[in-house]
Each structure stands twice: as C-alpha cells, then as structure tokens.
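# Commentary on secondary and tertiary structure
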Amino acid sequence: MSGDDTASVNAALLQMAAKIGGLESTVSTLLQTWQRMEEKASEGRKDLHRKVDDLRADMTAMGAQVATATKDIADMKPTVQAVQNVRVQATGVRNASRWLYWVALGLSGGVGWIVTNFVDIHVKH
C-alpha cells in the first residue's frame, strides 16, 4: 500500500468513526428521550389508576348514601300516607263545618221568620 492509499483509508476510517460517533450520539439521545417518555407515561398511568380508584371510592360512598336514602324514604312512607289521610279528613271536616254553619244560619233565620210571622207577640206598654 502506498502512502496515498493509506491516507485515504485513514481518512475513510476517520470519516466512518465520526459517523459512528454521531450515530451513537443519536441512539443515546433517542434512548434518553424514550426513557423520559416511558417515565411520563408511567406517571400518567399511575395518575389514571389513582383517579379511577378515587372514582370507585366515591361511587361506593354514593351507593351507600342512596341505599340509606331509599331506606329512610321507605320508613317515612307510612307517616306521609297518614299525614295525607289526616289532611283529607281535615278537608272533609272543614267542608262539613261550612255546611253545618250555613244550615244553622238558615234555620235560625227561618225560626226568626216563623216567630215574627206566626207568633203574635204583644209588647205591653
């Protein structure tokens, strides 16, 4: 090999070494980027799992509250029906009282009319 051939081989080797170094740097950068992305994705999955667990706990608590409210409503139902019955009875009594009032008023007016028209009342002077 001549000196020119050796120089061109050395230049080619240096050029290859530079390209391999650049390739190694690129691979290293890609690896670091991939690791950071994987860490962020892992944190995102952790956050998602935590949020799902929190949501599940909230749903369980809400289910218990709904069950309690349903039981309370079922317990109150007879009382509400009794109050409604008393309200209906009170309305009936009020209506009956009005009728009795008007009947009594009419009867007292009728008695007054009878007394003034059919009974001869003399006032002594």
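Heads up: these notes are all about the structure in this document. (Residues numbered from 1 in each chain as written. Predicted model: local features only at pLDDT ≥ 70, side-chain atom pairs only at ≥ 80, totals over all residues. Heavy atoms only, no water.)

## Things to note about the overall build of the protein
Helices and strands together make up the secondary structure of the protein, namely 1 helix and 0 strands. Taken against the 2.2 N^0.38 rule, which gives 14 Å for 125 residues, the C-alpha radius of gyration of the protein at 52 Å runs more than 25% over that of a compact globule. Overall, the C-alpha framework of the protein stretches about 175 × 30 × 20 Å when taken along its three principal axes. A buried classification covers 0% of the 125 residues belonging to the protein. The protein carries 14 positive and 13 negative side-chain charges, and their two centres are separated by 20 Å. (Helix = DSSP H or I, 4+ residues; strand = E, 2+ residues; numbered from the N terminus. Rg over C-alpha atoms; globule rule 2.2 N^0.38 Å. Buried < 20%, exposed > 50% of the residue type's maximum accessible area, 1.4 Å probe, protein only. Lys, Arg positive; Asp, Glu negative; His and termini not counted. Charge placed at Lys NZ, Arg CZ, Asp CG, Glu CD.)

## Focus: a nonpolar patch on the surface
Taken together, the side chains of Val9, Leu13, Met16 and Ile20 define a hydrophobic patch exposed on the protein surface, amounting to about 370 Å² of accessible area. In this structure, Val9 sits in helix H1 (residues 3-118). (Patch = residues over 30% accessible without salt bridge, like charges linked within 9 Å, V, L, I, M, F, W, Y side chains within 5 Å. Areas by Shrake-Rupley, 256 points an atom, 1.4 Å probe, with all protein chains shown as cover. Salt bridge = Lys/Arg side-chain N within 4 Å of Asp/Glu carboxyl O.)

## Let's talk about the pattern of salt bridges
Pairing is possible between side chains that carry opposite charge, provided their charged atoms lie close to one another. Applying the stated rule across the entire model yields 4 salt bridges. Two residues, Asp47 and Arg50, come together in a salt bridge whose shortest N-O distance is 2.4 Å. Residue Asp47 and its partner Arg50 are both found in helix H1; the two are separated by 3 residues, about one turn of the helix. Put simply, Asp53 and Arg56 hold a salt bridge, and the shortest N to O gap is 3.3 Å. Pair noted here: Asp53 and Arg56 are both in helix H1, with a separation of 3 residues, about one helical turn.

## Notes on the packing of aromatic side chains
How two aromatic rings sit relative to each other is set out by the distance from centre to centre and by the angle between their planes. Scanning the entire structure with this criterion turns up 1 aromatic pair. Ring plane angle 75 degrees and centroid distance 5.3 Å describe the contact between Tyr101 and Trp102, whose orientation is recorded as edge-to-face. Relative accessible area serves as the criterion here: at 57%, Trp102 is assigned to the exposed category. (Phe/Tyr/Trp six-rings, centres within 6.5 Å; stacked < 30°, edge-to-face > 60°.)

## Points about the environment of Val115
With respect to the helices and strands, the residue Val115 is situated in helix H1. In this structure the C-alpha to C-alpha distance between Val115 and Thr70, which are 45 residues apart in sequence, comes to 66 Å.

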